Amino acid sequence: MNEYRITRNCSICNQEKECSAAVFVPAGENKAKTKSYTGAVDTTFANEFTLYACDDCGAEKGKIPTKCWFFALLGNLMLILAIVLPIVLGSQTKGDSPIFIGLSLGMVGWIIAMIAGCILMAKTRFNSHNNAYGAVVAQMVPYVGLILLLKNRKRINRCACATTALKPIADEYQQKEKQKDEEITRLVESGKELTEEEQQRVDERAREKEIAEQQAEYAREAQQEQVKKNNLRGAIFGIIFTVLIAIWGATVYGSGRGVMTLFHTIELSPTAFAIIIVVLIVWDILSLVKAIKDRNR
C-alpha cells in the first residue's frame, strides 16, 4: 500500500509539518463526524472538509484503537485454537465433537478478526493512494489479514490518533462555518443597503460555496468514470474466470477421476455443472454489455 503523507499547516498547532489527513462531514448541530468509508471509489460530498494533524499533536491528543487491536488479536488466536483444539481433543474424545468445536471456534474467530481488521485498516484510508481497499478486502483471509495489520501497525495507530485528535477541531470548524452562513444570511435578509465591506463578505462567501460545489461536481464525475471503468474491468475478469472454471471442470470430468463440487459439499453431475457454467456465462455477458453501454454514455 502506498502511503500518502503531505506537508501542511497542522490544524491543531498551526505549524507546517508532515501531517496525516482526516476528512469530516457535518453531523447535526455544530458537530462533525469522520467521513464514512465508501470503498475503492470514494464518494465526495460538497460539504466535506479536510483537516490535518502532525505526528506530535496526534500522539499527544489522540487515541490508539486499543479495543480494535484486542479483538483483532483475539480473533486470530481463536483461529489458531480452532486448529489446535480438535487435534488435542481428538486424541482423547471419540466422535465429531472436536471437529464441531473447532469449526464453531474458527467461524467466530474469523468473523471477529475480519470485522476488527477491516475497522483498523479503514482508519488509514485518508492517507493511502488506494484508500486501503485492497488491505480491507484481505482481512477476509485468515492470518493474511493479521500480517497486513502488523505490517501497517504504526500507520494505523498514527492515523487513528490523528483522527481522534482532530475531532474537537472538526466540531469547532463546523460551528464557525455555520456562524458564517448565519451571519451572511442575516445580512442578505436584513433588507438594508449593505456597505462595501459587507457586500464583499457576501460575495466572497458565495464564491467559496460555488467553488466547493464545482470541486464536488468534478470529483463526482471522476468517480462515476472510475466506477464505469471498474465495472467494465470486473465484467471482463468475470468472463475470464468463468471460462477458466469451465476448462477446469471439463478436465476433471474428462479424466474420470473426480467431480466438481459446490461449496465443497454438493457434488455436481456433468449436466448440473454445465448448466451452472451456462448461467454464469449469460450473466457475465449481460454484465459486460451493460458495462460497455454505461462506458459509452
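Fair warning: this is a prediction, and the values are worked out from it, not measured in the lab. (Residues numbered from 1 in each chain as written. Predicted model: local features only at pLDDT ≥ 70, side-chain atom pairs only at ≥ 80, totals over all residues. Heavy atoms only, no water.)

Side note on helix H5 (residues 144-151)
Every buried residue belonging to H5 is among Gly-145, Leu-146 and Leu-149, and all of these are buried. Buried residues of H5, seen end-on, are gathered within an arc of 95° and therefore sit on one face of the element. Facing away from the buried surface of H5 by more than 90 degrees, the exposed residues are Ile-147 and Lys-151. (Buried < 20%, exposed > 50% of the residue type's maximum accessible area, 1.4 Å probe, protein only. Helix = DSSP H or I, 4+ residues; strand = E, 2+ residues; numbered from the N terminus. Arc of directions from axis to C-beta.)

What about the packing of aromatic side chains?
Summed over all chains, the structure comprises three aromatic pairs. Look at Phe-70 and Phe-71: their rings are 5.3 Å apart centre to centre, the planes differ by 75°, and that puts the pair in the edge-to-face class. The class for Phe-71 is partly exposed, based on a relative accessible area of 40%. (Phe/Tyr/Trp six-rings, centres within 6.5 Å; stacked < 30°, edge-to-face > 60°.)

Quick look at the nonpolar core
Membership of the largest hydrophobic core is limited to 11 residues, which are Ala-22, Val-23, Phe-24, Ala-32, Phe-49, Leu-51, Ala-53, Phe-126, Ala-162, Leu-166 and Ala-170. Those residues within four positions of Phe-49 in sequence are excluded, and the remaining contacts are Ala-22, Val-23, Phe-24, Ala-32, Ala-170, Tyr-173 and Gln-174. Counting 10 residues, the second largest nonpolar core, distinct from the first, contains Ala-116, Met-121, Ala-135 and Ile-156. (Core = buried A, V, L, I, M, F, W, Y, C linked by side-chain atoms within 4.5 Å. Contact = heavy atoms within 4.5 Å.)

A closer look at the pairing of strand E1 (residues 6-9)
With four bridges joining them, E1 and strand E2 (residues 16-26) adopt antiparallel strand pairing. Across the sheet, residue Asn-9 finds its bridge partner in E2, namely Glu-16. Hairpin geometry of E1 and E2 is characterised by an intervening segment of six residues between the two adjacent antiparallel strands and by a positive phi of about 65° at Asn-14. (Pairing = 2+ DSSP bridges.)

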